[in-house]
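Each chain, written out:
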Amino acid sequence: KGLLEDKVCIITGGAGPRGIGKATAKLFHEHGATVVIADLDETKSQEAAREIADERTMGVVCDVTDKASCEAAAKKVMEQYGRIDVLINNAGITQPLKTLEITPENYEQVTDVSLRGMLYMSQAVLPYMVEQKGGSIANTSSVSAQRGGGIFGGPHYSAAKAGMLGLSKAMAREFGVHNIRVNSVTPGLIQTDITGGKLTDEMKTQILTGIPLNRLGDAADVARGFLFLASELSSYTTGAALDINGGMHMY
Ligand code: NAD
């Protein structure tokens, strides 16, 4: 029997072809879950869902920076499946800028998707989880939050991802009484399309020298961490951050 049998799981930012969200949706589905891919483009969300399977999958449009859009997505899932057990706050964008280069627009773009989006999407599902007397929320933060960047994203990205860890712990404290757990993963460098081709081979070689496991991460590596946090395997874990970084940051 799968670890997520009969669970309804929403994964934001799940449409990226090589993304962490899609790999997570796939693994969750293999473990018996019904998975909802929530991403910016409706067609791409639906295509990503269909690629995983024809049954127990759904793609919805959701801009996590827009509160009404998050509420509409959660409502659609409730109408279709009648419950929401797991939310993976995974939508995110990054920009390789230095402190003095960050414009107000850059700051808003990056913090809005990761941090504001995490709040809005959590607000959209929490009332249902409270009603159901349980749930699991897990968030994609980053090693950038812990070590102050130095991988790809700029300082505004580090700030957004560090903000997610604070929000995660505060929600864990508030909703523990409702049997709702809130945790995060802090991935190192994972080979997805988020870097938009701007990660050069030279940068990769340089980064590899600092990774004890001597390889970059795959989306599937992060998906396995999310499986732990979403399922009862982590029944007594809340407010935690799970490092999935090949050992590049230890403390
Ligand atoms: P990805 O580009 O494949 O996935 C990001 C997804 O977020 C995309 O599908 C995109 O359409 C979606 N998205 C962007 N803005 C959105 C919005 N407003 N509303 C809804 N969806 C939106 O890249 P990925 O690397 O799989 O990124 C997933 C998460 O992992 C991000 O939060 C990223 O910051 C985080 N992360 C990535 C790495 C890495 O090295 N790849 C490391 C640490 C953390």
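Just above, that's the structure.
Residues numbered from 1 in each chain as written. Predicted model: local features only at pLDDT ≥ 70, side-chain atom pairs only at ≥ 80, totals over all residues. Heavy atoms only, no water.

A.B. asks: With reference to specific residues and values, describe the sheet that holds strand β5 (residues 135-140).
C.D. replies: Spatially, the 7 strands line up as an open sheet ordered β3-β2-β1-β4-β5-β6-β7, and their pairing is parallel. What marks the edges here is a single partner per strand, and that holds for β3 (57-61) and β7 (241-244). With direction set aside, neighbouring strand axes in the sheet form an average angle of 20 degrees. Relative to β3, strand β2 (residues 34-39) is paired through 5 bridges, and the arrangement is parallel. Bridging across to β3, D39 finds its partner in V61. The strands touched by helix α2 (residues 42-52) are β2 and β3; relative to β3, the strand with the most contacts, the crossing angle is about 170 degrees. Its contacts with the sheet place helix α3 (residues 67-81) against β1 (8-12), β2 and β3, and it is angled at close to 155 degrees to β3. (Pairing = 2+ DSSP bridges. Helix = DSSP H or I, 4+ residues; strand = E, 2+ residues; numbered from the N terminus. Axes fitted to C-alpha atoms, helices over the stretch in contact; angles between N-to-C directions. Contact = heavy atoms within 4.5 Å.)

A.B. asks: Describe the side chain of S158, with residues and values.
C.D. replies: Looking at the secondary structure, you find S158 in helix α6 (residues 155-175). By relative accessible area, S158 is classed as buried at 10%. At 3.3 Å, the side chain of S158 forms a polar contact with the backbone oxygen of S144. With sequence-adjacent residues up to four places away left out, S158 is seen in contact with S144, A145, G148 and G149. (Buried < 20%, exposed > 50% of the residue type's maximum accessible area, 1.4 Å probe, protein only. Polar contact = N/O pair within 3.5 Å; in protein donor to acceptor, adjacent residues only side chain to side chain.)

A.B. asks: Hey, could you go over unusual backbone geometry for me, with residue numbers and the actual values?
C.D. replies: Glycine aside, residues mostly have negative phi angles, and peptide bonds mostly take the trans form. Positive phi outside glycine occurs at R56, with the angle close to 60 degrees. Note on placement: R56 falls in the loop between α2 and β3. Residue N179 is not a glycine yet carries a positive backbone phi of 65 degrees. By secondary structure assignment, the location of N179 is in the loop between α6 and β6 (180-187).

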